[in-house]
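What the coordinates show
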2 protein chains.
Amino acid sequence: MNNTLVTKLRRFIELDEGEVAALDRLVRDPHSVKAGVDLIEEGTNPENVFLLLGGWGYRYSLLHNGGRQIFGYLLPGDLCDVHVFMLDKMDHSIGLLSDATVVKVPADEMLELINRYPRIERALWIATLVTESTLRQWVVNIGRRDAFERTAHLFCELWQRMQAVGLVSVTDQFDLPLTQIELADTLGMTSVHINRILQRLREAGLIVLGKRRLTILDPRRLADISGFDPDYLRLDATPQHVSLRSRLSLVR
Amino acid sequence: MNNTLVTKLRRFIELDEGEVAALDRLVRDPHSVKAGVDLIEEGTNPENVFLLLGGWGYRYSLLHNGGRQIFGYLLPGDLCDVHVFMLDKMDHSIGLLSDATVVKVPADEMLELINRYPRIERALWIATLVTESTLRQWVVNIGRRDAFERTAHLFCELWQRMQAVGLVSVTDQFDLPLTQIELADTLGMTSVHINRILQRLREAGLIVLGKRRLTILDPRRLADISGFDPDYLRLDATPQHVSLRSRLSLVR
DNA sequence: CGCAAGTTTGACGCTGCTCAATCACTGTGG
DNA sequence: CCACAGTGATTGAGCAGCGTCAAACTTGCG
């Protein structure tokens, strides 16, 4: 099996054979988990770290007033909170939006891994920096764009990330197992309003959405409308990136 | 001079004398910088990392349509982006809201430091996790709370953080060098509207704000209104925290 | 004293929310 | 195979929160 975790971390730093082998050892014994299950619950100190091999997850919090806010999505190949053991308790929950395949890694094993392999630790740190940068874009999106642009921006981000893991068809189509309620809770609006916005996106010839599948009809225009710039996702491997990777790989 | 950086990192992990000495060596030769200056600009790959000893900084981005979004504030004792050398370019700018005192550390020196002291690296990683968790709260705030609650929540956060660095008077008063325009760009609203919200907060007997100083008249009620729970800032040192710190300090 | 920056106010309109009903789809049991 | 329930999508009417525009006022500062 192709280890997507290795692929992901190699975008950030150089890894040698020993390190790759250690990561491979981590990824064994995949489980199937049903949609709707929470992998990690807010307020707890989880004993395991999860790597998502297939399916969609999401990070969220429930508010006092009954509302919910979604902070991010986990796509196939993503890993949930490797750093779980660094803070005393989770500040949000992680749930599954679809049936999923996950690998469970005991937190202690994860801790041993980063103690032994400094470069893996550093790569994981960089991964959290990317999450941080993505969260900043979400703040911009919710804070400074109207509902139409905001929705377009989210679709651009998901399209880009799904593409990076090879899950977008040649017709720019991909699975989107989100209800309109979940889209609303992601974008800071109501499900009634997101429904109307989706209609406008369809009428504008920008997307087709139905049966839990999204087609991006006009990626260029969607990005223009929403001011989307994929840089923050760090999915590329520019020459600058490559030199950066080796610079960070200094031996101790 | 009391090294606030050491204090901050010790909340996350145990540090020995050698590590403390290394951090002390970093913090020398403070500069004065004028309000309005940008320490770091979006799109660049900065050569230096900054530690803020006095004054206020802020992280922000400018949008295509002329708007601005603020992502966070840097208070005395905070450090801007130690990890600057881990990504190829900044995804946001860092500016100064008031005259400030800063220490400039060359990025290479920072890199050497973390190469040499794994525990310092880990502490800095944890610091980025706290930033991440704070950003999540900002997403909740902007996405799921109305203008009144949202403003109250921001004031609770700032009050708590200022308290942690000893800058709140016994009368719950502290410097707040923000214009209403900056508050608006933080909270995803217009300056006209924030002005009206501030009036309501004053009328409700919750705050006094003027002359760049904020007084929190009723901290309890302000927190209730806004659903503020300080946990995400990780400013405490609970017993659980202490055992966590030592657990993370395994030698390699 | 006079300018510049920031704050305050008013009138008006639109975006997005609320409430509530209807429609469509899917899986289930009889 | 069909009735039915549950979940999600869609629609409509009415309204409120917040934005826009524009002007007046206040404060700090050279």
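You'll find the structure just up there.
Residues numbered from 1 in each chain as written. Chains lettered and ligands numbered in written order. Predicted model: local features only at pLDDT ≥ 70, side-chain atom pairs only at ≥ 80, totals over all residues. Heavy atoms only, no water.

Focus on the interface of chain B and chain A
We apply this condition: It only takes one pair of heavy atoms within 4.5 Å for two residues to be counted as in contact. Buried area: the accessible surface (1.4 Å probe) lost by two parts on joining, summed over both. For this document, the term salt bridge refers to a Lys or Arg side-chain nitrogen within 4 Å of an Asp or Glu carboxyl oxygen. The term polar contact refers here to a pair of N or O atoms within 3.5 Å; inside protein, the definition further demands a hydrogen-donor-capable atom paired with an acceptor-capable atom, and it admits residues adjacent in sequence only when both atoms are side-chain atoms. Here a strand is any run of E in DSSP of at least two residues, a helix any run of H or I of at least four, and the numbering for each starts at the N terminus.
Between chain B and chain A, the contact holds 54 residues from the first and 53 residues from the second. Across the chain B/chain A interface, buried area totals approximately 5800 Å², and carbon plus sulfur atoms make up 59% of it. Broken down residue by residue, the surface that chain B buries against chain A is led by W125, R136 and R144 of chain B, which jointly contribute 15%. Scanning the region where chain B abuts chain A turns up 10 salt bridges. Here R234 of chain A makes a salt bridge to D88 of chain B, at a shortest N to O gap of 2.6 Å. Summed over the shared surface of chain B and chain A, the number is 24 residue pairs in polar contact (both at pLDDT 80 or more). Of all the secondary structure elements, the ones that give two or more residues to the side of chain B that touches chain A are β5 (68-74), α3 (107-116), α4 (118-144), α6 (180-187) and α9 (239-247) of chain B.

A short note on the sheet that holds β5 of chain B
All names here are of chain B. To keep things clear, this is the line we draw: Here, strands pair whenever DSSP counts at least two bridges between them. A fitted line through C-alpha atoms serves as each axis, taken over the contacting stretch for helices, and the angle formed by two N-to-C directions is quoted from 0 to 180°.
The strand order across the open sheet formed by four strands is β2-β7-β4-β5, and the pairing between neighbours is antiparallel. Only two strands of the sheet have a single partner each, and these edge strands are β2 (38-40) and β5. Sheet twist, expressed as the average angle between the axes of neighbouring strands with direction ignored, equals 35 degrees. Both strand β4 (residues 57-62) and β5 contribute to a ladder of six bridges, which runs antiparallel.

Comments concerning the pairing of strand β3 (residues 48-54) of chain B
Residue and element names in this part refer to chain B. Formally: The classification of residues rests on relative accessible area computed with a 1.4 Å probe and restricted to protein chains. Under 20% of the type maximum is buried, over 50% is exposed, and intermediate values are partly exposed.
Within β3, six of the seven residues are buried, leaving the element largely enclosed by the surrounding structure. Judged from the six bridges that link them, β3 and strand β8 (residues 100-106) form a sheet pairing that is antiparallel. Bridge assignment links G54 to a residue of β8, and that residue is T101. Of the pairings in the sheet, the one linking β3 to strand β6 (residues 79-80) comprises two bridges and is antiparallel in character.

Quick word on the protein's contact with DNA strand D
To be explicit about the condition: Near, as used in this document, describes a residue that has one of its heavy atoms within 4 Å of the molecule or strand being considered.
Within the structure, DNA strand D sits among 16 residues, and Q180, N195, R196 and Q199 of chain A together with K211 of chain B are positioned closest to it. The sugar and phosphate moieties of DNA strand D supply 65% of its atoms located within 4 Å of the protein. Here a phosphate oxygen of DNA strand D and a side-chain polar atom of N195 of chain A are 2.8 Å apart. At 2.7 Å from a phosphate oxygen of DNA strand D is found a side-chain nitrogen or oxygen belonging to Q199 of chain A.

A few points about unusual backbone geometry
Residue and element names in this part refer to chain B. Residue D29 is not a glycine yet carries a positive backbone phi of 60 degrees. When you line up the elements, D29 lands in the loop between α2 (17-26) and β1 (31-33). Its identity is not glycine, yet R234 carries a phi of approximately 55 degrees, on the positive side. On the secondary structure map, R234 appears in the loop between α8 (219-226) and α9. The exposure class assigned to R234 is buried, which follows from its relative accessible area of 4%.

Concerning the relation of the copies chain B and chain A
Here the two chain copies are tied together by a rotation about an axis and a shift along that axis. Under the convention used in this document: Copies are brought into register by a least-squares superposition over C-alpha atoms of residues with pLDDT of at least 70 in both.
If you rotate chain B by 180 degrees and push it 0.0 Å along the axis, it lands on chain A with an RMSD of 0.0 Å. Both copies are brought into coincidence by an operation consistent with a two-fold rotation axis. The fraction of interface residues of chain B whose copies in chain A are also interface residues reaches 98%, indicating that both copies meet through the same surface.

Quick notes on the pattern of salt bridges
Throughout the structure, instances matching the rule amount to 34 salt bridges over all chains. One salt bridge connects R136 of chain B with D91 of chain A, and the closest N-O pair in it is separated by 2.9 Å. Here R136 of chain B is found in helix α4, whereas its partner D91 of chain A is found in the loop between β6 (79-80) and β7 (93-96) on a different chain. The same class applies to R136 of chain B and to D91 of chain A, which are both buried. Here D185 of chain B makes a salt bridge to R68 of chain B, at a shortest N to O gap of 2.8 Å. A residue pair is termed long-range when its members are at least 10 positions apart, and D185 of chain B in helix α6 and R68 of chain B in strand β5 qualify at 117 residues. There is no split in this pair, since D185 of chain B and R68 of chain B are both buried. The structure contains a network of salt bridges with shared partners spanning K8, D78, E157 and R161 of chain A.

A look at α8 of chain B
Three or four residues apart is the spacing at which side chains of an α-helix point the same way, because the helix has 3.6 residues per turn. Residues and elements named next belong to chain B. The condition is simple: In this description, one arc is meant: the one made by directions from the helix axis to the C-beta atoms.
Inspection of α8 places L222, A223 and S226 among the buried residues, and these make up the whole buried set. All buried residues of α8 lie within an arc of 95 degrees about the axis, which places them on one face of the element. Exposed residues pointing more than 90 degrees away from the buried face of α8 are listed as R220 and D224. Among the structural elements, α5 (147-164), α7 (191-203), β10 (207-210) and β11 (213-216) are those in contact with the buried residues of α8.

Let's talk about the sheet that holds strand β9 (residues 173-175) of chain B
All names here are of chain B. On the basis of which strands lie adjacent, the open sheet formed by three strands has the order β9-β11-β10 and antiparallel pairing. Each edge of the open sheet carries a strand with a single partner, namely β9 and β10. On average, each strand axis in the sheet is inclined to that of its neighbour by 15 degrees, with strand direction left out of account. One ladder, built from three bridges, connects β9 with β11; its direction is antiparallel. Bridge assignment links D175 to a residue of β11, and that residue is R213.

A look at the protein's contact with DNA strand C
Where we set the bar: Each residue gets one label: Ala, Val, Leu, Ile, Met, Phe, Trp, Tyr, Cys and Pro are nonpolar, Asp, Glu, Lys and Arg are charged, and the others, such as Gly, are polar.
Around DNA strand C, a shell composed of 15 residues is seen, among which K211 of chain A together with Q180, N195, R196 and Q199 of chain B lie nearest. Among the atoms of DNA strand C lying within 4 Å of the protein, the sugar-phosphate backbone contributes 67%. A147 of chain A has a polar backbone atom sitting 3.1 Å from a phosphate oxygen of DNA strand C. Here a base nitrogen of DNA strand C sits 2.5 Å away from a polar atom, N or O, in the side chain of R196 of chain B. Elements that contribute at least two residues to the surface near DNA strand C include exactly α7 (191-203) of chain A together with α7 of chain B. If one sorts the elements of the surface near DNA strand C by residue count, α7 of chain B sits on top with five residues. Class assignment of the residues belonging to the surface near DNA strand C gives a composition of four nonpolar, seven polar and four charged.

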